[in-house]
Amino acid sequence: MSYLSFNANQKNTISGKKSQQPEGSVRQAFSEWLIKNHGDKYISELQKQRSHPKKFALKTSKGKEAPLVGIIGGGFAGLYSGLILQSLGIECEVFESSDRVGGRIDTWYSSDYDANDVNTAGLYGEVGGMRIPQFSPDMLSVQQLGLSLNAVLKRNKLVDKMVKWRKFYYNSEVQRLRYNNMEAPIIAEDAGLNSLNFGENNGGDLAMVWVTETSLKGGDPYLPINMVLDKVNQPFIKVISENFEKGFNKLMKFDNYSMWAYLTNVFTLGDLEEYYDPKMGKKSDHLSYDVASYLETLNVGTGMYSVSFVEMVLALYDWSGSKNPYNPSDTGVYMVTMDKGMQHLPDACRAVLDLEQGVLPEDGYRAQVEIGMKKDAFGNKGYSPTNLTEDAEPPESVPPANPPKPVKGEPSSKKQRVFMNHRVVQVTHDQLLYDTHGGMRLKIKTQKGTKEETLTKEYPFVISTLPNGAYLNGELKTNFFDNLSFSKARAIRECNYMPSFKAFITFKNQFWVKLGERQGKGLGVGVSDRSNRQIVYPSYGYEAKGGVLQIYCWAQDAERMGALTDEERVHECLKGIAYLYPDAKVFEEFAGYNPEVTTKTWFWDTHAGGGAFALFGPGQFTNLYPTLLTPEFDGHLNIAGECCSVHHGWIVGALDSAYNAVNNVLHQIGDIEKIAQMERTWGRLTYPDTAPKKSKKKKQKKKSASK
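Criteria and thresholds
- Residues numbered from 1 in each chain as written.
- Predicted model: local features only at pLDDT ≥ 70, side-chain atom pairs only at ≥ 80, totals over all residues.
- Heavy atoms only, no water.
- Pairing = 2+ DSSP bridges.
- Helix = DSSP H or I, 4+ residues; strand = E, 2+ residues; numbered from the N terminus.
- Phe/Tyr/Trp six-rings, centres within 6.5 Å; stacked < 30°, edge-to-face > 60°.
- Buried < 20%, exposed > 50% of the residue type's maximum accessible area, 1.4 Å probe, protein only.
- Lys NZ or Arg CZ within 6 Å of the ring centre and 35° of its normal.
- Axes fitted to C-alpha atoms, helices over the stretch in contact; angles between N-to-C directions.
- Parallel < 35°, antiparallel > 145°, perpendicular 65-115°, else oblique.
- Left-handed = near helix turned anticlockwise from the far one by under 90°.
- Contact = heavy atoms within 4.5 Å.
- Nonpolar A, V, L, I, M, F, W, Y, C, P; charged D, E, K, R; others polar.
- pLDDT = per-residue confidence, 0-100.

Some thoughts on the sheet that holds strand β11 (residues 335–338)
Pairing in this open sheet of three strands is antiparallel, and the strands run β5-β11-β6 from one edge to the other. Because the sheet does not close on itself, it has two edges, and the strands there are β5 (132–133) and β6 (165–168). Where β5 lies against β11, two bridges are found, and the strand directions are antiparallel. Within β11, the position partnered with P133 by the bridge is M335.

Here we look at the sheet that holds strand β22 (residues 599–603)
By definition, the strands of a sheet pair up through backbone hydrogen bonds, in either a parallel or an antiparallel sense. Across the sheet, seven strands lie side by side as β8-β7-β19-β20-β21-β18-β22; this open sheet has mixed pairing. Single-partner strands in this sheet number two, and they are β8 (186–187) and β22. Pairing between strand β7 (residues 176–178) and β8: two bridges, direction antiparallel. Note on β8: the bridge partner recorded for L177 is I186.

What to know about the packing of aromatic side chains
Evaluation of the coordinates by the stated rule reveals 35 aromatic pairs. When the centroid spacing of 5.3 Å and the interplanar angle of 75° are considered together, the rings of Y80 and W682 count as edge-to-face. Of this pair, Y80 sits in helix α3 (residues 76–87) while W682 sits in helix α21 (residues 672–682), and the two are 602 residues apart along the sequence. Judged by relative accessible area, W682 falls into the buried class, the value being 0%. When the ring of Y222 is compared with that of Y275, the centres are 5.0 Å apart and the planes differ by 75°; the resulting orientation is edge-to-face. One end of the pair, Y222, is in strand β10 (residues 221–222); the other, Y275, is in the loop between α7 (259–265) and α8 (289–299), and 53 residues separate them in sequence. By relative accessible area, Y275 is classed as buried at 16%. The aromatic ring of F236 is capped on one face by K250, whose charged end is 5.5 Å from the ring centroid. It is K502 that lies over the ring of Y552; its NZ or CZ is 4.5 Å from the centre.

Considerations on the packing of α3 against helix α4 (residues 140–155)
Orientation of α3 relative to α4, taken along the N-to-C sense of each, is 50°, at an axis distance of 13 Å. With respect to each other, α3 and α4 are oriented oblique. Pair α3 / α4 crosses with left-handed handedness. Only Q144, L145 and L149 of α4 make contact with α3, whose side of the interface consists of F76, Y80 and L83. Here the residues of the contact of α3 with α4 sort into five nonpolar, one polar and no charged.

Thoughts on the confidence of the model for the protein chain
Per-residue confidence for the protein chain averages 89 on the pLDDT scale, and 91% of its residues sit at or above 70. Low pLDDT, under 50, characterises residues 690–707; the predicted model gives this stretch 14 contacts beyond four residues in sequence or across chains.

Here's the deal with α8
Taking burial as the measure, the eleven residues of α8 include eight buried ones, the bulk of the element. The complete set of buried residues in α8 reads V291, A292, Y294, L295, E296, T297, L298 and N299. Where α8 is buried, its residues contact α5 (228–242) and α7.

Quick notes on unusual backbone geometry
Even without a glycine there, the phi angle at E273 is positive, about 50°. Mapped onto the fold, E273 is located in the loop between α7 and α8. On the accessibility criterion, E273 (51% relative accessible area) is exposed. Phi at T436 takes a positive value of approximately 65°, unusual for a residue other than glycine. Within the secondary structure, T436 is located in helix α12 (residues 433–436). Accessibility expressed as a relative area gives 58% for T436, which makes it exposed.

So, in C-alpha cells, the structure goes:
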C-alpha cells in the first residue's frame with residue numbers, strides 16, 4: 001500500500017528525540033489501547049474461550065507426533081504461524097490452494113526473465129506488496145524473519161534460497177507529475193508552488209486564494225492548499241508522540257468519521273491557524289468539497305477518503321518508519337524490497353517449514369539484536385543486518401548492532417508441512433473429537449492427476465488465514481464456516497477491503513532513464529489524474545536496454561481499470577504513460593501486447609476473493625477489530641491475516657495476526673513456557689494480552705478522581 005500524502009522530503013518530526021516512537025511501537029500501543037478501552041466484550045470472550053485449558057497427547061498410527069494445528073492458507077499469516085509453531089516443537093500442516101506460497105506477496109516474472117542475464121534480469125514486478133519502511137519499529141519483525149530464515153537455510157546448505165534486501169527508491173526530485181490537462185508534465189522539485197491547473201483561473205474549481213503563492217513573515221513561500229493536511233494531522237501526531245493514552249483518546253473520538261467527513265464536517269478554516277486567509281471564508285466554515293477533492297486526488301485514489309479517518313492518520317506513522325530515527329534532521333527516505341523479487345521471502349519460509357527443525361531461539365534472538373528490536377549485551381540498540389545489498393546499507397548516523405555470535409546448529413532432515421494445491425472448502429467444529437475435548441474437521445479438495453480428490457483432516461486447533469472474501473467457497477451445498485458467533489460472522493462480512501490494480505508494461509528502451517538522467521538511482525513514482533494514477537519506476541535493472549514500468553492504483557480507479565479486458569487495461573496504461581511522457585515515443589517503444597511475456601495486469605485475485613488489502617471504514621477499529629482477535633468454538637479456531645491487525649496493507653499485519661493466533665493456541669493448551677520461548681525467539685509482537693486488564697471499579701475510581 002502507498003500513501004502519496006506522506007511528505008517524503010519533510011524532516012523527521014514524528015520520530016525525533018522527544019517522540020516515543022524509536023522506543024516503542026505506535027501501532028502496538030494503539031492495539032493495546034483499543035482492547036483496554038473498547039475491549040470489554042473481547043476480554044469476556046477470551047476468558048470464556050480459555051476457561052477450559054486442554055492437553056492433547058497426539059500420536060499417529062505409526063507412533064509419530066500428529067499435527068496439533070491445521071493452517072489454512074500459505075500467505076504470510078499462514079507461513080509465519082507455521083514457523084512459530086515449528087520453532088516451538090509443535091507439529092502443524094499448512095494447506096495452500098494455489099501452486100505457490102505468499103498469498104498477496106506475489107512477484108510477476110516475465111517468461112523472458114533470467115536473473116543471470118543483464119538484459120532480462122529486470123523483467124519482473126511486484127503484483128502484491130513491494131516494499132517496507134526500513135526503520136519502522138512496528139515492521140522490524142519482517143526483517144527479523146528474513147535473518148532468522150537465513151540462519152536455518154545456511155545451516156542446511158540451502159544458500160540459494162537465502163534472502164537479501166535491496167533499496168527501494170520511493171521518491172526523487174525528478175519524478176513527474178501532470179494533472180488537469182497541463183500543457184506539459186513538471187517534476188517534483190518544481191511542484192510545491194504549482195497550482196496543477198486546479199485553480200479557477202486555470203479551468204479548475206478551487207478559489208484562487210488556495211493556490212496563490214504566499215508566505216508568512218520571513219518564511220518560505222507556499223500554497224495554502226498544501227498546508228491543510230499538516231494542520232489536519234499534526235494535532236493528533238503531536239499528542240500521540242507525547243503520550244499514547246492521551247493521543248489515542250483524542251484520535252478515537254473521530255473513529256466514526258471517514259477522512260472525507262472529517263475534512264468537510266469537523267475541520268474548520270480556523271484550524272488552519274497562521275495559514276488562514278479571510279478570502280477562504282469564515283473561520284467557522286468547514287473545508288469545501290473542492291478542497292477535499294483536491295486533497296484526495298493528489299494524495300490517494302478516487303473515493304479512498306471514504307475510509308476511516310483514524311486509518312489515514314495512523315498511516316503516517318507507518319510511513320514515518322522510512323525516516324532515519326537516529327538522525328531527526330535526515331530528510332532521506334529509507335525503504336527496502338526483496339532482491340530479485342518479493343516472492344523469494346515466502347519461498348524461503350516454505351523451504352524452512354519443510355525441514356524437520358526450523359528457527360532456533362538463538363537464531364531469532366540474534367536477528368532481533370541485529371536490527372534493533374532488542375538491545376545488545378551492553379544495553380544499546382543498533383542496526384546492521386547481514387542481508388542488505390550495498391545500496392540498502394544504512395547511513396553513517398545509524399549505529400551498528402552488536403549481536404551475539406551465530407550458533408552453528410545441526411543440519412536437518414526434510415519433513416513436508418506445506419501442501420500446495422490443497423483447497424480447504426469446509427471447516428467444521430466437532431465437540432466429540434479427541435475424547436470430547438473437541439476439535440476441527442477440514443474438507444480439502446486437491447488434484448491427483450486429472451481427478452479431483454476430497455480429503456478429510458482433523459486437528460485440535462485450526463488457524464484460518466484467508467482474506468475475508470475467500471470464505472465464500474463457491475460450493476453447491478456446503479459453507480466454509482457454519483455456526484460462527486454473531487460478532488465474528490459480522491466482522492468477516494463487514495470489514496472493508498480496498499480494491500487495487502497493477503499492471504506491468506515492457507518497453508524496448510528505458511526512455512524514462514534517458515530523460516530523467518537517474519541511471520542506477522531510481523526515479524520514485526510518477527503521478528497523474530488519469531485512471532492509471534501512478535507509474536512506479538523500477539529500483540533495479542538499469543544496466544539493461546529495455547525494462548518494465550509498473551502501474552499502480554486503488555479504490556474506484558482500480559475498479560474501473562479492472563472492469564476492462566486485459567488488453568484494454570494495457571491500452572489505458574499506455575495512454576497514461578504517454579500523458580506523463582509526451583516527449584517520448586511511448587507507443588513505439590512498447591514491446592507489444594504479449595501476456596505473461598511483455599505485459600501483465602492484475603485486479604484483485606481469485607484466491608484473495610475480492611479486495612487487495614483491508615482498510616477499515618468508520619467505526620470499524622472500535623467495533624470490529626477486537627472481535628477479530630478472539631478464538632471461536634471453545635478456542636479451537638483462530639482467524640488471522642492482515643485484516644486481523646492494526647497494520648492493514650503491510651506484511652507485518654499478517655505476522656502480528658499469526659502471532660496472536662499462536663498465542664491463543666498456547667494459552668488454550670496451557671503451555672506458558674512455550675509463550676516465553678516464542679517471545680525470546682520472535683520478539684514481542686502486537687497481541688492484546690500485552691494490554692493491562694483494569695477492572696470496572698478501578699476505571700470508576702479513576703473517573704471520580706478526574707472530576
